[in-house]
Amino acid sequence: MPILLGFRTLRWVADGAVEIGQNPGPADARQSNLVFDDDHLVVSAALNGRKVPATLDTGAIGTDLYAAFAQQFPSLLAAS
């Protein structure tokens, strides 16, 4: 986390590249797809045409899916 904070800006762009240390534009959390919520890094993604907020754990070994995700996307869980 200290390294991420040291970057000051971090952008994940559509082609998959990550831009670090660019000049920040005006802050607008509604437009950003990657923001800090206290000490949690939150990413806004789209899945099956719906916005899905998720925490991004940079040190996680696995992925946890919670009940809210299962309720919103039951067919994805059935397919696994």
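Structure's up top.
Residues numbered from 1 in each chain as written. Predicted model: local features only at pLDDT ≥ 70, side-chain atom pairs only at ≥ 80, totals over all residues. Heavy atoms only, no water.

1. Regarding the overall build of the chain
Applicable threshold: Strands are runs of DSSP state E lasting at least two residues, helices are runs of H or I lasting at least four, and both sets are numbered from the N terminus onward. Radius of gyration: over C-alpha atoms. The globule rule applied is 2.2 Å multiplied by the number of residues raised to the 0.38 power. Every residue pair with non-hydrogen atoms within 4.5 Å of one another is taken to be in contact. A 1.4 Å probe and the Shrake-Rupley method give the accessible areas. Residues count as covered only by the protein chains that appear here. Charge convention: Lys and Arg are scored as positive, Asp and Glu as negative, and His as well as the terminal groups of each chain are ignored. Charged groups are reduced to one reference atom each: NZ for lysine, CZ for arginine, CG for aspartic acid, CD for glutamic acid.
Counting its regular elements, the chain contains 3 helices and 5 strands. When the helices and strands of the chain are placed in sequence order, the string is α-β-β-β-β-β-α-α. Over its C-alpha trace the chain gives a radius of gyration of 15 Å, far above what one expects of a compact globule, namely 12 Å for 80 residues. Pairs at least 24 apart in sequence give 18% of the contacts found in the chain among residues at least 6 apart. With an accessible surface of roughly 6,700 Å², the chain has 55% of that area assigned to carbon and sulfur atoms. Of the side chains in the chain, 5 bear a positive and 8 a negative charge, and the two mean positions are spaced by 10 Å.

2. Here we look at the environment of Pro24
Worth spelling out the cut-off: Note on classification: 1.4 Å probe, protein chains only; a residue is buried when its accessible area is under 20% of the maximum for its type, exposed when over 50%, partly exposed between these limits.
Among the structural elements, Pro24 can be located in the loop between β2 (18-20) and β3 (34-37). A relative accessible area of 60% means that Pro24 is categorised as exposed. In this view, Pro24 contacts Thr9 and Arg11; residues no more than four positions away in its chain are not counted.

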